[in-house]
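Structural characterization, general
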Amino acid sequence: MSGVLRRLATGVAGILFSTIAIFLLLRALPGDVATARLGTDATPEALAELRREYGFDRPLVVQYFDWLADAARGDLGRSLLSGTSVTDDVLDRLDVTLPLIAASTALSIVVASAVGRRTALQRRHRRTVATMTLTQLGLAVPTFVVAIVLIMLFAVRLNVLPAGGFPVDGWSAIGASLRSLVLPTAALAASQTAMLARFARSSALDFASSDAFRTARAAGRSRHAALLSGRRLVVAPVLTVASLQVATLVTGAVVVESVFALPGLGSMLVRDIANRDYPKVQSVLLVVVLMVFALRAVVNFANDRLDPRRSE
Amino acid sequence: MKRSPSLVAGTAIVTCLGGLAMLSVFWTPYDPLAVDSAARFAAPTLQHLLGTDQLGRDVLSNVIEGARTSLLAAFAATVIAITIGAALGTASAVAPRWLDGLLSAVVTAVVALPALLLALVLAAARGPSTSTAVVAIGIAAGASVAAVTRFEAAAIVRAPYVLASRFSGASTALVVRRHVLRNLVPTLAVQSSGAASIAIVAESTLSYLGLGTPPPTPSWGRMLAATQQYLLVHPLLTLWPAVFVCLAVLGFNLLGDGLRERLDPTLAHYR
C-alpha cells in the first residue's frame, strides 16, 4: 500500500513540477504575449485591453495559481486567437487522440511480448536473427518516416486504407473512423514495438535460464509451455519499460497526427504553437502531461497485478 | 577480445556521415540552394546523381548539407546532455542526502517530459530555430544521462579504493576529479551515442513539423516535409532524406550497442 502512496506522491510532484516548467517557459521567457498576438504596431491601449482581458497584467504567481485552480475545476481558459473554450477543444480532440494512444500502447506490448518469447526459444535460428535485425532497424526509423512509408505502401500503392484525415461525423461513422486510425496506430506503435521486443527477448532469456524454467522442464513441459508458465515474469519488465516510454509515445502521437492530418490533440498543439496561441498551448501541454502520468499509472497498475511483489 | 559487429558497423556509418558533413563545409556538387526551374524533378543522372527536387535543386548537395545540419545539431545537443548529465549525476552521488533527493526528483520529472515535447515547448516560447531545438534536446537527453550517471557514480564513490583514498585525506573535489569522472568516461561514451541518436530523430522530426531548422538551411526533416506531396509521382525525392535520417540513427544506435557490449561482456548472453 505504501508503494501505491509513494507512487501517487511522486506522480503529483512530477505533475506540479511540469506545470511550473510549462508556465515559466511560456510566460516568463518570451516577450510579451499581447504583443505577440496583436503585433508590434498595436496601440498601447489595445495591448493593455488584451492584457486585462486575459489577466496578463496580474503578478505571475497569481496567474499561475489561478491557472491551476481553474484547471482543477475543468476550466482550461480561452484561446487567444478564436476565444473558444480550450476545455471544449481538448475534449473534442481526445476522441481521436485517446483511442490512438491506447491502441498503440496495447498493440506494441502484445506484439513485443510475443516476439520476445518466440525469439528467445530459437536462439540461433535464422528467423530470430532476422527479427532482431528488424527491431534494430525499427529503432532507427523515426516515427514520421514510418508514417510516410505506410502512407506510400497502403494508401498510395495498394490504396486499401485512407492516407489521412478522420470522418467529419466522428465516431458515428464507426467503420470509417476505425479504418482511418489503422495506419496511424501502426506508425505510432512501430518503434515502440521494436524497442519493447528487445526487452521482452532479454526478459524471456532471463526466465529461460532460471530455476523455475528448469523445474517446469523437469516436470515434463515443453520448452514453449515452460516459457509460457513464466509469462507474467516475462511481461512485467516489458511493462516497466513501456511505462517509462509513455512520454515518448505521447509525443509520437503529436507527430503521427500531424502526418496523417488527424484532428487530434497533437496536431492542434502544433498548429497552436505555430500561431503563438500561448494560453492555449500552455493548457494543452498540461493535458498532455496529465495524459502521460495517467497512462503511466495505468501501465504501472497492470504491472502490479502481474507481479504482486512490486507493490509491496 | 572478440570484435563486435555492432561496433564496427556503427563506427563505419558514423565516420562516413561525419566525413560527408565535413566535406559539405568545403565542397558540394552544386550549390544546394541553386534553383534551376528548367530541370525540376530530374531523374538521377551522372550530372545529378540523386536527381533534382521540386525547384530543380540538386538533391545530393542538399542531402550532404543536411548531414552537416543534422550532425552539428546532434553534436551540440550531446555536448549539452553529457555536461548536464555528468554534472548532475556526479553532484547527486557525492551530495548530502537531501540534495540528492531534490536533484533526483527534478531529473525524474524532466525524464517524464521527452526531448521532443520539451523542444515543442521551447519552440513555442522562443520561435522555431535550430539552436532552440538543440538546447531543448540537450536538456531532455541530459536528464536521462544524469539518471544513469548518478547510479554509476554512486557505485564508484562507494568502491573500496575510493574509500581508501578518502581515508588518506583526499578531498571530495579530488575524488570526483581523479576517480569518479575518469571512471565515468566509458558510461558517458555509451550515453553520448544514445543522446546523439535521440537528437537526430528529434531535430529531423521538429524540422519536419516546421518547428526546427528554419529555411533556407538544408535539413533532412524539412526535405521530407517538402517532398511528401510529390510522393505519388516522385517517391525517390522523399526516399533519400528518409534513408539518411535512418542511417544516421542506426549508426549511433549500433555504436552505442557496440560500446556497451565492450563494457559489459555479460550482455553477449542476450545476442
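Summarised in this report is the structure supplied together with it. All of these numbers come straight from a predicted model, not from anything done at the bench.

Rules and cut-offs
Residues numbered from 1 in each chain as written. Chains lettered and ligands numbered in written order. Predicted model: local features only at pLDDT ≥ 70, side-chain atom pairs only at ≥ 80, totals over all residues. Heavy atoms only, no water. Contact = heavy atoms within 4.5 Å. Buried area = accessible area lost by both parts, 1.4 Å probe. Salt bridge = Lys/Arg side-chain N within 4 Å of Asp/Glu carboxyl O. Polar contact = N/O pair within 3.5 Å; in protein donor to acceptor, adjacent residues only side chain to side chain. Helix = DSSP H or I, 4+ residues; strand = E, 2+ residues; numbered from the N terminus. Nonpolar A, V, L, I, M, F, W, Y, C, P; charged D, E, K, R; others polar. Axes fitted to C-alpha atoms, helices over the stretch in contact; angles between N-to-C directions. Parallel < 35°, antiparallel > 145°, perpendicular 65-115°, else oblique. Disulfide = S-S within 2.5 Å. Buried < 20%, exposed > 50% of the residue type's maximum accessible area, 1.4 Å probe, protein only. Phe/Tyr/Trp six-rings, centres within 6.5 Å; stacked < 30°, edge-to-face > 60°. Lys NZ or Arg CZ within 6 Å of the ring centre and 35° of its normal.

Looking now at the interface of chain B and chain A. It is common to give the size of an interface as the accessible area lost on bringing the parts into contact. Counting from both sides, the interface comprises 39 residues of chain B and, opposite them, 46 residues of chain A. Overall, the association of chain B and chain A removes approximately 3600 Å² of surface from exposure, summing both partners, and the carbon and sulfur fraction of that is 77%. Linking chain B to chain A there are zero salt bridges. Between chain B and chain A we count one residue pair in polar contact (both at pLDDT 80 or more) in total. For the side of chain B that touches chain A, the leading source of residues is helix α9 (residues 235-263) of chain B, giving 10 residues. The residue makeup of the side of chain B that touches chain A, split by class, is 29 nonpolar, seven polar and three charged.

Residue and element names in this part refer to chain A. As a packed pair, helix α5 (residues 86-121) and helix α12 (residues 265-274) sit with axes 8 Å apart at the nearest point and diverge in direction by 130°. Here α5 lies oblique to α12, going by the angle between them. From α5, Asp89, Val90, Arg93, Leu94 and Thr97 reach across to α12, where they touch Leu265, Gly266, Ser267, Met268 and Arg271. Per-class residue counts for the contact of α5 with α12 are four nonpolar, three polar and three charged.

Residue and element names in this part refer to chain B. The full count for this structure, using the stated rule, is zero disulfides over all chains. We note that Cys16 lacks a disulfide partner, and the nearest cysteine sulfur, in Cys246, lies 17 Å from it. Given a relative accessible area of 55%, Cys16 falls into the exposed group.

Right, let's talk about the packing of aromatic side chains for a bit. Residue and element names in this part refer to chain A. Throughout the structure, instances matching the rule amount to seven aromatic pairs over all chains. Each member of the aromatic cluster is reached from another via a ring pair, and the members are Phe23, Tyr64, Phe65 and Trp67. We note Arg296 situated over the ring of Phe293; from NZ or CZ to the ring centre the distance is 5.6 Å.

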